[in-house]
Amino acid sequence: MAAKPCTTLVVAGLIVAAILAPNSARAIEVKKDLYKSGGPAGSSAAGSGVAGPTKGNPIPKAQQQALSDTIANESDSYLGDESEKKASGKVYVDLEHAKFLYVPTMKEGKWTVLAKLQAAEYTPSKTGEGKGRATGKQKVLVFNYRLDGSKWTEVEPPKWQDVEAKGAAAAHK
């Protein structure tokens, strides 16, 4: 079962909004709400969760868009996997309502970006309607990319992490 086209568009829009939001090698936290007509939050500095003073995004716009497209394409398979889990009655992560965190850093003269999608874990309802029952756990899907010239290179494959009660993430084995 593939992810719904509207879900893919929402995730892509969320990623674009987060990447284009101002930052200075600090984290940008964007909360998305699929049911608001104003679109995803975080398209401007006000209310976007930007830490510290607001400055222009250090990554060129063309590379921001390329990264956004790359992450949207790669996250699509994870959205599909979680939809299949929900449909088959297995515990799933609600990536459709994920919180997006984008952290650019300069390492060895090259930009690297950690992009994280954090969402709650659910046990689907027996009827298949609604989200089901929250397990109380949070999961984070972490993407790690490096800008090599004009191309984004995956530093390591995306990985799931468990979010511990105090907000720290632990690697999911």
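Residues numbered from 1 in each chain as written. Predicted model: local features only at pLDDT ≥ 70, side-chain atom pairs only at ≥ 80, totals over all residues. Heavy atoms only, no water.

Further remarks concern the overall build of the chain. Counting secondary structure elements, the chain contains two helices and seven strands. The N-to-C order of helical and strand elements in the chain reads α-β-α-β-β-β-β-β-β. Across the 173 residues that make up the chain, the buried fraction comes to 36%. Within the chain, counting contacts between residues at least 6 apart in sequence, those at least 24 apart form 57% of the total. Accessible area for the chain stands at about 9,400 Å²; split by element, carbon and sulfur atoms hold 54% of it. (Helix = DSSP H or I, 4+ residues; strand = E, 2+ residues; numbered from the N terminus. Buried < 20%, exposed > 50% of the residue type's maximum accessible area, 1.4 Å probe, protein only. Contact = heavy atoms within 4.5 Å. Areas by Shrake-Rupley, 256 points an atom, 1.4 Å probe, with all protein chains shown as cover.)

Judged by nonpolar contacts, the single largest core of 21 residues is most densely connected at Leu 67, Leu 95, Leu 117, Leu 141, Phe 143 and Trp 152. Looking at this core, the elements with two or more residues in it are α2 (61-87), β3 (99-107), β4 (110-123), β5 (133-148) and β6 (151-163). (Core = buried A, V, L, I, M, F, W, Y, C linked by side-chain atoms within 4.5 Å.)

This brings us to the side chain of Lys 139. Mapped onto the fold, Lys 139 is located in strand β5. In this structure the side chain of Lys 139 is engaged in a polar contact, spanning 2.4 Å, whose partner is the side chain of Asp 162. (Polar contact = N/O pair within 3.5 Å; in protein donor to acceptor, adjacent residues only side chain to side chain.)

A few words on the confidence of the model for the chain. Taken as a whole, the chain shows an average pLDDT of 74; of its residues, 62% reach a score of 70 or greater. Element-level mean pLDDT values for the chain span from 38 in strand β1 (residues 28-31) up to 96 in strand β2 (residues 92-93). Counting interchain partners and residues more than four positions distant, the pLDDT-below-50 stretch residues 22-54 has 67 contacts. (pLDDT = per-residue confidence, 0-100.)

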